[in-house]
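If you want the building blocks of each chain, they are given just below.
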Amino acid sequence: MAFIPAGVYSISRSGNRLLTFEHGAEKGSPAVLLPPTGQPGIQEWEVRIDSNGNVTIRNLQSQTYLGYEADPQLNMPVGSYPEPREWALYQSAEPFTFHVVVPGGPIEGRELTLDESLLRIYPPRIALRPLDVHDLRQPWRFEFHE
């Protein structure tokens, strides 16, 4: 269930790294972490709340959704897709920080969440990883934009 109002947000991780689509509007463009670009909309996300409490997350510049191909699996890359994908927000220890989780889990015996991929490349890519509510690096900060 979402604990934030619908609206436009920047979504970040420690070190002031923001969720971004690497190649803009291309379908399947990888979701990555980048420092602020200063380009309007590229690192801004519209969060909509569904009637079941889950959310969809749409990039303002590309008008595409944060999602993944087919059925969710461990280590599956996350990227840009034209169709909405639902996510569950689990409140973490800090205000306005959430684990962004695949709803309806567990999958392969685990709940899956947005996290940094195991690939060690720059910019860091985002993938579906096992949820660890005790890992203080896993939650995402949602900062409201007026």
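Quick caveat: nothing in here was measured; it's all calculated off a predicted structure.

With that settled, consider the overall build of the protein chain. Secondary structure summary: the protein chain contains zero helices and twelve strands in total. Written out in order from the N terminus, the α and β elements of the protein chain read β-β-β-β-β-β-β-β-β-β-β-β. Since a compact globule built from 146 residues should have a radius of gyration of about 15 Å, the 14 Å found for the protein chain is in line with a globular shape. Taken over the C-alpha atoms alone, the protein chain extends approximately 40 × 30 × 30 Å along its principal axes. Looking at the 146 residues of the protein chain, the share that counts as buried comes to 50%. The contacts in the protein chain between residues at least 6 apart in sequence include a share of 54% that link residues at least 24 apart. With the model as given, the accessible surface of the protein chain reaches about 7500 Å², and the carbon-plus-sulfur share is 53%.

Locating Gly-67 in the fold gives a position in strand S6 (residues 65-67). Among the residues examined, Gly-67 registers a relative accessible area of 2% and is labelled buried. In sequence terms Gly-67 and Pro-77 are ten residues apart; their C-alpha atoms lie 8.8 Å from each other. When residues no more than four places from it in sequence are discounted, the contact partners of Gly-67 are Pro-77, Val-78, Gly-79, Tyr-81, Arg-85 and Trp-87.

Moving on, we come to the packing of aromatic side chains. Taken as a whole and assessed by the stated rule, the structure comprises five aromatic pairs. Arranged with centres 5.9 Å apart and planes meeting at 75°, the rings of Tyr-9 and Phe-142 form a pair that is edge-to-face. Of this pair, Tyr-9 sits in strand S1 (residues 7-13) while Phe-142 sits in strand S12 (residues 140-145), and the two are 133 residues apart along the sequence. When its relative accessible area of 2% is taken as the criterion, Tyr-9 is described as buried. Classification of Phe-142 as buried rests on a relative accessible area of 2%. Taken together through their ring pairs, the aromatic side chains of Tyr-9, Phe-98, Phe-142 and Phe-144 make up a single cluster. The ring of Trp-140 carries the charged tip of Arg-13 above its face, separated from the ring centre by 4.1 Å. Lying over the aromatic face of Tyr-68, Arg-85 brings its terminal NZ or CZ to 4.0 Å of the ring centre.

The subject of this paragraph is unusual backbone geometry. For the bond from Tyr-122 to Pro-123, the omega torsion is -5°, close enough to zero to count as cis. Among the secondary structure elements, Pro-123 is positioned in the loop between strand S10 (112-116) and strand S11 (126-130). At Ala-70, a residue that is not glycine, the phi angle is positive and equals roughly 50°. Residue placement: Ala-70 occurs in the loop between S6 and strand S7 (79-81). Judged by its relative accessible area of 54%, Ala-70 is exposed.

The next point concerns the environment of Asp-132. When you line up the elements, Asp-132 lands in the loop between S11 and S12. Owing to a relative accessible area of 34%, Asp-132 belongs among the partly exposed residues under this scheme. Spatially, the C-alpha atoms of Asp-132 and Thr-113 are 8.6 Å apart, while their sequence positions differ by 19 residues. Apart from the residues within four sequence positions on either side, Asp-132 is in contact with His-99 and Gln-138.

Attention now goes to the nonpolar core. Formed by 27 residues in total, the largest nonpolar core has its most connected members in Ile-57, Leu-66, Trp-87, Leu-114, Leu-128, Trp-140 and Phe-142. With residues up to four places along the chain from it excluded, the contact list for Trp-140 reads Ile-11, Ser-12, Arg-13, Leu-19, Leu-33, Phe-96, Thr-97, Phe-98, Val-100, Leu-114, Asp-115 and Ile-126.

What counts, and where the lines are drawn
- Just so you know, the residues in each chain are numbered from 1, in the order the chain's sequence is written.
- Given that the model is predicted, a residue must reach a pLDDT of at least 70 before its local features are reported, and side-chain atom pairs must reach 80 or more before they are shown or counted; all residues, however, enter totals for whole chains, interfaces and linings.
- Working from all heavy atoms in the structure, the side-chain values ignore hydrogens and water.
- Secondary structure elements are defined from DSSP: runs of H or I of at least 4 residues count as helices, runs of E of at least 2 residues count as strands, and each element is numbered from the N terminus.
- All radius of gyration figures rest on C-alpha atoms, and the globule criterion is 2.2 Å times the number of residues raised to 0.38.
- Note on classification: 1.4 Å probe, protein chains only; a residue is buried when its accessible area is under 20% of the maximum for its type, exposed when over 50%, partly exposed between these limits.
- By the convention used here, residues are in contact when the closest approach between their heavy atoms is within 4.5 Å.
- Shrake-Rupley sampling with a 1.4 Å probe provides the accessible areas, and residues are treated as covered by the protein chains on show and by no other component.
- Planes of paired rings set the category: under 30 degrees apart is stacked, over 60 is edge-to-face and the rest tilted, where pairs are Phe, Tyr or Trp rings (Trp by its six-membered ring) whose centres lie within 6.5 Å.
- Only when the NZ of Lys or the CZ of Arg is both within 6 Å of the ring centre and within 35 degrees of the ring normal is a charge said to sit over the ring.
- Take the buried residues of types Ala, Val, Leu, Ile, Met, Phe, Trp, Tyr and Cys, join any two whose side-chain atoms come within 4.5 Å, and each joined set is a nonpolar core.

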